[in-house]
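Topology and contacts: notes
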Amino acid sequence: VRTLQLDGRCDSAGSSAVEGIDGYFPFFRLPRDLTGGGSGPGFAKRILLVEESSVTSDGFVRLLESERSLAVCDRAQHGSSARKLHAKHQPDLVIIDLALRTGETLALIGDLLEADPQTRVLVFTGLSDLSYIERALRAGALGYMLKSDPTEQVLEAIRVVSEGGMYITRQLAG
């Protein structure tokens, strides 16, 4: 089993720890237009949370309530409601569990980005296999975090991805 040798993030200027690492993710490039989704400096980043578990979703909302620069605009439990809420709220960031029971998460990521290419997507999941990271990045996600990651790292990932940078959980990055 090969492992990724990353520091876990990429800055919004475009330097990527992922590019060119022994063939891992050679396809991944940050978008050239890295401007925020319309909230701008001094405004809260609007977040759409896509999570089937209400316990996990409630905990995530409570965590984000403590962050002034972040605001959950709505929550969805499956892809069809996520698509509707994404169109309604036009969030800056979508945090999505890769393990939705409907199995549509990768298609959902692509659909959300097709509808609004400025949307940033952060995967927050319990799935830790490297193949899941690759599939999520290919679908357009800029970040991948595990539900077992420390709170500080999750908040850091949210900040980095909402600014257009890339963040990979440290548990899998090296």
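Our subject is the structure listed above.
Notes on the structure in this doc start here. (Residues numbered from 1 in each chain as written. Predicted model: local features only at pLDDT ≥ 70, side-chain atom pairs only at ≥ 80, totals over all residues. Heavy atoms only, no water.)

1. Quick word on the overall build of the protein
- Each helix and strand in the protein was counted, giving six helices and seven strands.
- Listed by position from the N terminus, the elements making up the protein come as β-β-α-β-α-β-α-β-α-β-α-β-α.
- For the protein, the residues scored as buried account for 47% of the 174 residues in total. (Helix = DSSP H or I, 4+ residues; strand = E, 2+ residues; numbered from the N terminus. Buried < 20%, exposed > 50% of the residue type's maximum accessible area, 1.4 Å probe, protein only.)

2. Observations regarding the packing of aromatic side chains
- Applying the stated criterion across every chain, the model contains one aromatic pair.
- Centre to centre, the rings of phenylalanine 60 and phenylalanine 124 are 4.8 Å apart; their planes meet at 90°, and the pair counts as edge-to-face. Placement of the pair is phenylalanine 60 in helix α1 (residues 54–65) and phenylalanine 124 in strand β5 (residues 120–125), with a sequence separation of 64 residues. (Phe/Tyr/Trp six-rings, centres within 6.5 Å; stacked < 30°, edge-to-face > 60°.)

3. Topic: the pattern of salt bridges
- Per the counting criterion, the structure on display carries ten salt bridges.
- Among the salt bridges present, the one from arginine 75 reaches aspartate 58, with a minimum N-O distance of 2.6 Å. Of this pair, arginine 75 sits in strand β3 (residues 70–76) while aspartate 58 sits in helix α1; the two residues are 17 residues apart in sequence, bridging distant segments of the chain.
- On the basis of relative accessibility, which here comes to 30%, the residue aspartate 58 falls in the partly exposed class.
- Taking the shortest distance from any N to any O, the salt bridge between glutamate 156 and arginine 170 comes out at 2.8 Å. Residue glutamate 156 is located in helix α5 (residues 151–162), and its partner arginine 170 is located in helix α6 (residues 170–173); the two are separated by 14 residues in the primary sequence.
- On the accessibility criterion, arginine 170 (40% relative accessible area) is partly exposed.
- Connected via shared salt-bridge partners are Glu51, Asp97 and Lys147. (Salt bridge = Lys/Arg side-chain N within 4 Å of Asp/Glu carboxyl O.)

4. Considerations on helix α2 (residues 79–89)
- Within α2 the residues assigned to the buried category are Gly79, Ser81, Ala82, Leu85 and His86. One side of α2 carries all its buried residues, which in axial view fall inside an arc of 155°. Every exposed residue of α2 that faces more than 90 degrees away from the buried side is listed here: Lys84, Ala87 and Lys88.
- One or two steps after α2, the chain reaches glutamine 90, where phi turns positive at roughly 45°. (Arc of directions from axis to C-beta.)

5. Some words on unusual backbone geometry
- Here glutamine 90, not a glycine, exhibits a phi torsion of approximately 45°, which is positive.
- Along the polypeptide, glutamine 90 turns up in the loop between α2 and β4 (93–96).

6. A short note on the packing of α1 against α5
- Contact pair α1 / α5: the axes reach a minimum separation of 12 Å and the direction vectors enclose 75°. Compared by their axis directions, α1 and α5 come out roughly perpendicular. Mapping the contact onto sequence places Phe60, Leu63 and Leu64 in α1 and Thr151, Val154, Leu155 and Ile158 in α5.
- Class assignment for the residues of the contact of α1 with α5 results in six nonpolar, one polar and no charged. (Axes fitted to C-alpha atoms, helices over the stretch in contact; angles between N-to-C directions. Parallel < 35°, antiparallel > 145°, perpendicular 65-115°, else oblique. Contact = heavy atoms within 4.5 Å. Nonpolar A, V, L, I, M, F, W, Y, C, P; charged D, E, K, R; others polar.)

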